[in-house]
Amino acid sequence: MKNLTQVAAGHFCRVAWIIGSFEHIIRSYDLAEEQTIFILQNAGSSLLLRAGGKRLAMSGDIARQIKVYEIE
């Protein structure tokens with residue numbers, strides 16, 4: 001299991017769980033456990049991803065609170 005900031009651009013992953021003080025913010029992105037997401041860009045300090053037909057941008061601080069399984 002990795003945090004979202006550890007997934008390289010161009011890869012799919014599945015959300016395992018969401019933790020920490022940013023949980024209410026993450027939920028506002030409409031992200032949920034078991035959802036598949038695609039990493040469009042990962043600059044470490046910020047990420048651009050596609051989830052549920054939407055493009056989302058988030059800070060690295062928030063992305064570190066999302067634990068994922070990388071899909072091969």
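What you are looking at is a predicted structure, and each value in this text was computed from that prediction instead of being measured.

**A short note on the side chain of Thr5**
Here Thr5 shows up in the loop between strand 1 (2–3) and strand 2 (12–18). At 2.3 Å, the side chain of Thr5 and the side chain of Asn3 are in polar contact. Contact partners of Thr5, with chain neighbours within four places excluded, come to Asn42, Gly44, Leu47, Gly60, Ala63 and Arg64.

**Topic: the pattern of salt bridges**
Taken as a whole and judged by the stated rule, the model has three salt bridges. When the shortest N-O distance is used, the salt bridge between Glu70 and Lys2 registers 2.6 Å. In this pair, Glu70 sits in strand 6 (residues 66–71) while Lys2 sits in strand 1, placing the two residues 68 residues apart along the sequence. Relative accessible area serves as the criterion here: at 30%, Lys2 is assigned to the partly exposed category.

**Concerning the pairing of strand 3 (residues 36–42)**
One ladder, built from three bridges, connects strand 2 with strand 3; its direction is antiparallel. The residue of strand 3 that forms the bridge with Arg14 is Thr36. Pairing geometry for strand 3 and strand 4 (residues 46–51), over five bridges, is antiparallel. Counted as the bridge partner of Gln41 is Leu48 from strand 4. Taking the residues that link successive antiparallel strands as the turn, the strand 3-strand 4 hairpin has three residues, and the phi of Gly44 there is positive, at about 85°.

**Quick word on the environment of Ser21**
Looking at the secondary structure, you find Ser21 in the loop between strand 2 and helix 1 (23–28). Residue Ser21 is classed as exposed on the basis of its relative accessible area of 59%. C-alpha separation for the pair Ser21 and Ile62, spaced 41 residues apart in sequence, amounts to 9.0 Å.

**Concerning the sheet that holds strand 3**
Across the sheet, six strands lie side by side as 1-6-2-3-4-5; this open sheet has antiparallel pairing. Lying at the two open borders of the sheet, with one neighbouring strand each, are strand 1 and strand 5 (54–59). In this structure, strand 2 lies alongside strand 6, joined through six bridges in antiparallel fashion. Bridge pairing in strand 6 places Trp17 opposite Lys67.

Definitions and limits used
Residues numbered from 1 in each chain as written. Predicted model: local features only at pLDDT ≥ 70, side-chain atom pairs only at ≥ 80, totals over all residues. Heavy atoms only, no water. Helix = DSSP H or I, 4+ residues; strand = E, 2+ residues; numbered from the N terminus. Polar contact = N/O pair within 3.5 Å; in protein donor to acceptor, adjacent residues only side chain to side chain. Contact = heavy atoms within 4.5 Å. Salt bridge = Lys/Arg side-chain N within 4 Å of Asp/Glu carboxyl O. Buried < 20%, exposed > 50% of the residue type's maximum accessible area, 1.4 Å probe, protein only. Pairing = 2+ DSSP bridges.

These results come straight from atomic positions and should not be treated as a statement about function.
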